[in-house]
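Per-entry structural report
Take a look at the letters that make up each chain.
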Amino acid sequence: MARAVGRALTGAGTGGRIVNLSSVASLNYVPGEGLYGIVKAGINHLTKSFGVELAPCGVTVNAVAPAWTC
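This write-up is about the structure you can find in this document. Quick caveat, the model's predicted, so the values are computed rather than measured. (Residues numbered from 1 in each chain as written. Predicted model: local features only at pLDDT ≥ 70, side-chain atom pairs only at ≥ 80, totals over all residues. Heavy atoms only, no water.)

1. Brief notes about the side chain of K40
Note the cut-off: Here a strand is any run of E in DSSP of at least two residues, a helix any run of H or I of at least four, and the numbering for each starts at the N terminus. Accessibility here uses a 1.4 Å probe with only protein chains present; expressed as a share of the type maximum, an area under 20% marks a residue as buried, one over 50% as exposed, and anything in between as partly exposed. Note that His is not counted, nor are the chain ends; the positive residues are Lys and Arg, and the negative ones are Asp and Glu. In what follows, salt bridge is the name for a side-chain nitrogen of Lys or Arg lying within 4 Å of a carboxyl oxygen of Asp or Glu. Two residues qualify as a contact provided that any one of their heavy atoms is within 4.5 Å of a heavy atom in the partner residue.
Within the secondary structure, K40 sits in helix α2 (residues 34-54). One buried charge, K40, has no salt-bridge partner; the nearest side chain with opposite charge is E33, at 10 Å. Residue contacts for K40: discarding those within four places in its chain leaves L21, S22, S23 and S26.

Okay, structure coming up:
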């Protein structure tokens, strides 16, 4: 989805924003949630990569990483 949106934003030439949803589980191991953390760490890397590649086109890429909520 981010790749398709990135192409649309760069093609329009107006810049824009992409916001991905990550988690604090990507930063610290949570017992029993190892695979979840790995996936969220991948989203962090994707966010950084897209941010670097799309910055020259005026597109900002960020990730929100909420903590546990009750």
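2. Overview of the environment of A55
Its place among the elements puts A55 in the loop between α2 and β2 (59-64). Owing to a relative accessible area of 45%, A55 belongs among the partly exposed residues under this scheme.

3. A short note on a nonpolar patch on the surface
The test is simple: Patch rule: a residue counts if its relative accessible area is over 30% and it has no salt bridge; like charges are joined within 9 Å, and nonpolar side chains (Val, Leu, Ile, Met, Phe, Trp, Tyr) within 5 Å. Here the open area of atoms and residues is found with the Shrake-Rupley method and a 1.4 Å probe, where only the protein chains shown may cover a residue.
A grouping of V19, L21 and V64 is seen on the molecular surface, where their side chains present a nonpolar patch of about 280 Å² in accessible area. Tracing the backbone through its elements, the reader meets V64 in strand β2. Take V64: its relative accessible area is 43%, and that puts it in the partly exposed class.

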